[in-house]
Amino acid sequence: MNAPLRRVTVPIEGRAYEVVVGLGAVAELPSLLPPTAKRIAVVSQEGVPVQIETTLPHEVFCIGQGEQHKTLATVGDLCRGFARMGLTRNDVVVGVGGGMVTDVAGFAAASYHRGVPVVHVSTTLLGMIDAAIGGKTGVNLPEGKNLVGAFWQPSGVICDLDALTTLPEREVRCGYGEMAKYHFLTGDDLLALDLTDRVARCVEIKAEVVASDEREGGRRAILNYGHTLAHALEIATEHRLAHGEAVAIGLIFAAHLANELGRIDIARVDEHFEVVGVAYGLATDIPRGLDADRLLDLMRKDKKALDGLTFVLDGPAGVEVVPGVADEPVLAALARML
Ligand code: GLY
């Protein structure tokens, strides 16, 4: 017998929606579709292990694989396809895939007819606990990742854990990198939970943060814990480090930096290592050959750095945004890891 499905509400005022988590959750898709929908535009990719079954007329649009297809041109092609099939604002887009698919499908849904409902069926761990939840959508420009997008909340999200049984090992690691982050946003012992409950709890934590600050005026930035160094590492390694792998290293760095700044003690730094390196078995060292000054420079250019070097750091009041950090403690924290 499968564990029962979990339903988590993302409690955004006036636009609350449900996230259904568990094995076989895709069977719940009809309950998340808007009752007005007469057709479905399914956005997916080759090789995605989940197909949706529906009695409504639908068309499947497969987008290319890889960041080079996460573009305005892809969104343009999708919207032209939606127009050809006669999709209206009463209908629905369903994004079936990982974070790239749900980001692109969400942005196409946000743009077409100035906004049509979208439901996400997330098929990767990283997508389930992060990308598909919270309404951030967008695409890349040659100038940088996710530079064009919209906040467009889905009408519902499915996290079908069956999809994880065929998830490549590296993608599982990437999901673990983001999952490790949630351990430090609350005091929960996430390791004590089985997979369904742990994914549901990560969704719940994210849902609460998003509902308190949908447009990232402030608090939502705590979801970027570990991400400042992570983004720098992704660029410095020309994306040889995947996002979740970089977040794992970024969490350890953030702990060292918080310790340098006197915000947490060394036992708390060790706790970060226990979760990231031991419990999830993720690599925690900065790859060889990277230079501290280059990483510092990249972190200074982080798009969230509004007031000098800005980090999300643990401390006596929990994880929070800390602007205006001096170079010296950052270099000292990097030196501990290089
Ligand atoms: N991935 C961070 C956020 O959704 O705000």
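Look a little higher up for the structure.
This write-up is about the structure you can find in this document.

Procedures and definitions
Residues numbered from 1 in each chain as written. Predicted model: local features only at pLDDT ≥ 70, side-chain atom pairs only at ≥ 80, totals over all residues. Heavy atoms only, no water. Buried < 20%, exposed > 50% of the residue type's maximum accessible area, 1.4 Å probe, protein only. Helix = DSSP H or I, 4+ residues; strand = E, 2+ residues; numbered from the N terminus. Pairing = 2+ DSSP bridges. Right-handed = clockwise from strand over helix to strand, strands pointing away. Near = heavy atom within 4 Å. Polar contact = N/O pair within 3.5 Å; in protein donor to acceptor, adjacent residues only side chain to side chain. Areas by Shrake-Rupley, 256 points an atom, 1.4 Å probe, with all protein chains shown as cover. Nonpolar A, V, L, I, M, F, W, Y, C, P; charged D, E, K, R; others polar. 1 Å grid on protein atoms, 1.4 Å probe; cavity = no way out; pocket = protein on both sides within 12 Å on 5 of 7 lines; lining within 4 Å. Points joined across faces, edges and corners; volume = space filled by probe spheres on them. Phe/Tyr/Trp six-rings, centres within 6.5 Å; stacked < 30°, edge-to-face > 60°. Expected span 1.5 Å × (residues − 1). Arc of directions from axis to C-beta. Axes fitted to C-alpha atoms, helices over the stretch in contact; angles between N-to-C directions. Left-handed = near helix turned anticlockwise from the far one by under 90°. Contact = heavy atoms within 4.5 Å.

Some points on the pairing of strand β5 (residues 92-97)
With six of its six residues buried, β5 lies for the most part within the structure. Of the two faces of β5, the one holding Val 92, Val 94 and Val 96 and the one holding Val 93, Gly 95 and Gly 97 are both buried throughout. Bridge analysis of strand β3 (residues 40-44) against β5 gives four bridges, and the strand direction is parallel. Bridged to Val 42 within β5 is Val 94. Direction of pairing for β5 relative to strand β6 (residues 118-122): parallel, over a ladder of five bridges. Across the sheet, residue Val 93 finds its bridge partner in β6, namely Val 118. Read as a crossover between parallel neighbours, the route from β5 over helix α3 (residues 99-111) to β6 is right-handed.

Regarding the site of the ligand
Taken together, the residues surrounding the ligand are Asp 130, Lys 136, Lys 206, Glu 216, Arg 220 and Leu 223. At 2.6 Å from an oxygen atom of the ligand is found a side-chain nitrogen or oxygen belonging to Lys 206. Within the complex, the protein chains bury 89% of what would otherwise be the 200 Å² of accessible surface of the ligand. Grouping the constituent residues of the shell around the ligand by class yields one nonpolar, no polar and five charged.

Considering the layout of surface pockets
What the second largest pocket holds in volume is close to 170 Å³. Forming the walls of the second largest pocket are 13 residues, and the residues nearest its centre are Val 42, Ser 44, Val 50, Gln 51 and Val 60. Secondary structure elements with two or more residues in the lining of the second largest pocket: β3 and β4 (58-62). Broken down by element, the residue count for the lining of the second largest pocket peaks at three residues, all from β4.

A short note on the packing of aromatic side chains
Any aromatic ring pair is given by two values, namely how distant the centres are and how the planes are angled relative to each other. In total, this model carries five aromatic pairs according to the counting rule given. Considering the side-chain rings of Phe 82 and Tyr 112, the 5.5 Å spacing of their centres and the 85 degrees angle between planes classify their relative orientation as edge-to-face. Linking Phe 82 in helix α2 (residues 72-85) with Tyr 112 in the loop between α3 and β6, this pair joins segments that are 30 residues apart in sequence. In this structure, Phe 82 and Tyr 112 share a single accessibility class: buried. On the numbers, 6.3 Å between centres and 70 degrees between planes, the contact of Phe 184 with Tyr 225 is edge-to-face. Here Phe 184 is found in helix α5 (residues 169-185), whereas its partner Tyr 225 is found in the loop between α6 (195-212) and α7 (227-236), with 41 residues between them in sequence. Like Tyr 225, Phe 184 is buried. Cluster of aromatic residues (ring-pair linked, three or more members): Phe 61, Phe 82 and Tyr 112.

Here we look at α2
In this model, α2 (14 residues) spans 20 Å end to end at C-alpha, consistent with the 20 Å of a helix rising 1.5 Å per residue. All of the buried residues in α2 are Thr 74, Val 75, Leu 78, Cys 79, Gly 81, Phe 82 and Met 85. For α2, the angular spread of buried residues about the axis comes to 155 degrees, placing them on one side. Exposed and oriented more than 90 degrees from the buried face of α2 are Ala 73, Asp 77, Arg 80 and Arg 84.

Structural notes on the packing of α7 against helix α10 (residues 292-300)
Relative to each other, α7 and α10 sit at 115 degrees, their axes nearing to 9 Å. In this structure, α7 meets α10 at a crossing whose hand is right-handed. Packed against α7, whose contacting residues are Thr 228, Leu 229, Ala 232, Leu 233, Ile 235 and Ala 236, the element α10 presents Arg 294, Leu 295, Leu 298 and Met 299 at the interface. The class makeup of the residues in the contact of α7 with α10 is eight nonpolar, one polar and one charged.

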